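# Summary of structural features
So the chains spell out like this:
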Amino acid sequence: MPRRVGLEDFRRRHWLSGESARQKLASDNGWMAGLLEVFEQAALPVQLGLCTAAYPGGSISAADFTALKSALLESLDTALQTQGPFEVVVLLLHGALSAAAQTDPESDLLQAVRRRIGPRPLVGVALDFHGNVGEGLVAAADVVVAGRCYPVTDIAARGARLASLLLRRLGQGAADWPAERRQALRTRHVRLPLVVPVSSTQTLVGPFAGLASRARALEIELGLDDLALVGGFPFADHDRACVSVLATGQPAACRQAVRELARLAWRRRAELQSTLPGPSELGQWLREPGQGTLVVADAGDNPGVGGLGQDGTLLAEVLRSRSRFAAGIHVDPRTVQLARNAGVGGEIALNLRRAGPGPSDLSLLGIWNARVERLGPMVYRNAGPVMPGVTLDGGAGAVLFIQSGSGAVGHVLVASERIQGYDTQAFLSQQVALSGLDVVLIKSSAHFRLDYAAHATRTPGPAMRMADGGGWSSADLHSHLGGLPATDGNSGRSRPVLPLDALDEESWQALIDREPGMRLPVDAVA
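Residues numbered from 1 in each chain as written. Predicted model: local features only at pLDDT ≥ 70, side-chain atom pairs only at ≥ 80, totals over all residues. Heavy atoms only, no water.

### Points about the nonpolar core
- Counting residues in each nonpolar core, the largest one holds 66 residues, and the members touching the most others are L194, L227, W508 and I512.
- Considering each element in turn, this core owes the most residues, 9 residues, to helix 10 (residues 251–267).
- Not counting residues within four places of it along the chain, the set of residues in contact with L194 comprises C242, V243, A265, L272, Q273, V497, L498 and W508.
- Counting residues in each nonpolar core, the second largest holds 31 residues, with V295, A297, Y422 and V440 among its members. (Core = buried A, V, L, I, M, F, W, Y, C linked by side-chain atoms within 4.5 Å. Buried < 20%, exposed > 50% of the residue type's maximum accessible area, 1.4 Å probe, protein only. Helix = DSSP H or I, 4+ residues; strand = E, 2+ residues; numbered from the N terminus. Contact = heavy atoms within 4.5 Å.)

Here is the structure:
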């Protein structure tokens, strides 16, 4: 990812602990809300340490990672001194953090926590659906769960599942189990030698949806405590960046579940590696006769998975058409400043450039005259089913009205900070209507599908589609090879994966069978 993430990005999003963290996070339908509900119903006192987050991007510096780690451990030390010792410690992580001079920063964090609290307390970890899971993390935890839905609609329920599993083990006396038994029943993690574009990991439609559905069925059929197929974050050059499985339960059943999911993934490997239509296909869609609104997601420039939000390739295609449109959210602080200088009613030049891997990065796509229709913060509160109630903040913003020479007429939302407009409030909060349009263009990969579905009325269909302008979150994973130098502590991949390497079925299965999570304990575990 071309934009490095710094400590200031974490502080800008939120940097809270204790009661202030509880007030913000207990009612936002996120991981914390689910955890707190279950723990509080069990009358288990909960102390909240450091809670922070940042938008996806490149690696953080070694100094910033050290500061982040120190702040987390200091909040843990304070809680231990005032309220400890604890029976259960939970970390809500992402799983794809990248840091300079660190090969696996989140494993490093968790191992530091384990050293602080000692071997007895139960440790639970929650990870994002797109996490890249490290073996050091799994080894230091008792129970690890991940989100299972993309679009993300299940994290409160998954937080509740994690809390319930930890409480069940607490009631079973797991803290005092012999080390061998505790080790045998820890969550198992197995990497599949497969990297899948983010846009192909959605669990509503497509081949990954079938895999995710089968995983949920296997959990029930095999009597597992939990089973999650993790999509992985593909824009990283190390062996953790792949699809993987987290299985909690009896070891033999865990291994059986992994083998079946691996067989199914192998059969669907071609579908899972498919790329998306590009700008020429979008132009063709806009020229096709039809009625109603076409909703198009620019999955190649999604700020929610590390894109800059600055690529203008697909927007330029819309502006060259004759469509009535709404587009957003384009991230361009320079354009916002030009709009503020011009004032409402003033006119500015909107320069659209390419922003993505390859030699054409930053090349000019065109210049369009725009009238400033609205100025103000690009801030809104989600009202749809994906992370409802969460406030998104794109900083200073502008709404531009464009009537292009080709006949396109519509509005472009422009923000100063990266923000993903997957909720229709992105437009409605800026007084941009979504009715009566030919096309709505959004920078998203999957989240958009739920809240924009009611506006996707195009006939003949499909009325909701994804396209790829070739930005930094492009589904063409080969385009990223050699695009940027590594900025973390990893030296590249040592383990072959599809589609970056050629694998036959025998090699595929051999790689999976060699995973530590596939080993069974010597003795059966009751």
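### Quick look at the sheet that holds strand 3 (residues 88–92)
- Taken together, 3 strands build an open sheet; the order of strands is 3-4-5 and the sheet is parallel. The sheet is open, and its two edges are formed by strand 3 and strand 5 (143–146), each paired on a single side. Each strand axis lies, on average, 15° off the axis of its neighbour in the sheet, ignoring direction.
- On top of the sheet, helix 3 (residues 31–41) reaches strand 3, strand 4 (122–127) and strand 5; it is set at about 160° to strand 3, its chief contact. (Pairing = 2+ DSSP bridges. Axes fitted to C-alpha atoms, helices over the stretch in contact; angles between N-to-C directions.)

### Considering a nonpolar patch on the surface
- A cluster of nonpolar residues, L204, V205 and L450, forms a patch on the protein surface that exposes about 220 Å² of accessible area.
- With respect to the secondary-structure elements, V205 resides in the loop between strand 6 (188–191) and helix 9 (207–221).
- Classification of V205 by relative accessible area gives partly exposed; the value is 41%. (Patch = residues over 30% accessible without salt bridge, like charges linked within 9 Å, V, L, I, M, F, W, Y side chains within 5 Å. Areas by Shrake-Rupley, 256 points an atom, 1.4 Å probe, with all protein chains shown as cover. Salt bridge = Lys/Arg side-chain N within 4 Å of Asp/Glu carboxyl O.)

### Quick notes on the side chain of E515
- Here E515 shows up in the segment after helix 17 (505–513).
- On the basis of relative accessibility, which here comes to 3%, the residue E515 falls in the buried class.
- Of note is the side chain of E515, whose polar atom sits 2.7 Å from the side chain of R191.
- Residues within four places of E515 in sequence aside, it is in contact with H189, V190, R191 and R495. (Polar contact = N/O pair within 3.5 Å; in protein donor to acceptor, adjacent residues only side chain to side chain.)

### Section: the layout of surface pockets
- In this structure, the second largest pocket encloses a volume near 270 Å³.
- Taken together, 13 residues line the second largest pocket, and the ones lying closest to its centre are Q183, T187, R188, P516 and G517.
- If you list the elements that add at least two residues to the lining of the second largest pocket, you get helix 6 (135–140), helix 8 (179–184) and strand 6.
- When residues of the lining of the second largest pocket are assigned to their parent elements, the largest contribution, 3 residues, is made by helix 6.
- Residue composition of the lining of the second largest pocket, grouped by class: 5 nonpolar, 4 polar and 4 charged. (1 Å grid on protein atoms, 1.4 Å probe; cavity = no way out; pocket = protein on both sides within 12 Å on 5 of 7 lines; lining within 4 Å. Points joined across faces, edges and corners; volume = space filled by probe spheres on them. Nonpolar A, V, L, I, M, F, W, Y, C, P; charged D, E, K, R; others polar.)

### Remarks on the packing of aromatic side chains
- All told, the structure shown has 5 aromatic pairs when counted by the stated rule.
- Ring centres of F233 and F235 lie 5.5 Å apart, and the angle between their planes is 85°; on these two criteria the pair is classed as edge-to-face. The burial state of F233 is the same as that of F235; both residues are buried.
- Cluster of aromatic residues (ring-pair linked, three or more members): F129, Y150 and F208.
- Taking the ring centre of W177 as reference, the NZ or CZ of R181 above it sits at 4.2 Å. (Phe/Tyr/Trp six-rings, centres within 6.5 Å; stacked < 30°, edge-to-face > 60°. Lys NZ or Arg CZ within 6 Å of the ring centre and 35° of its normal.)

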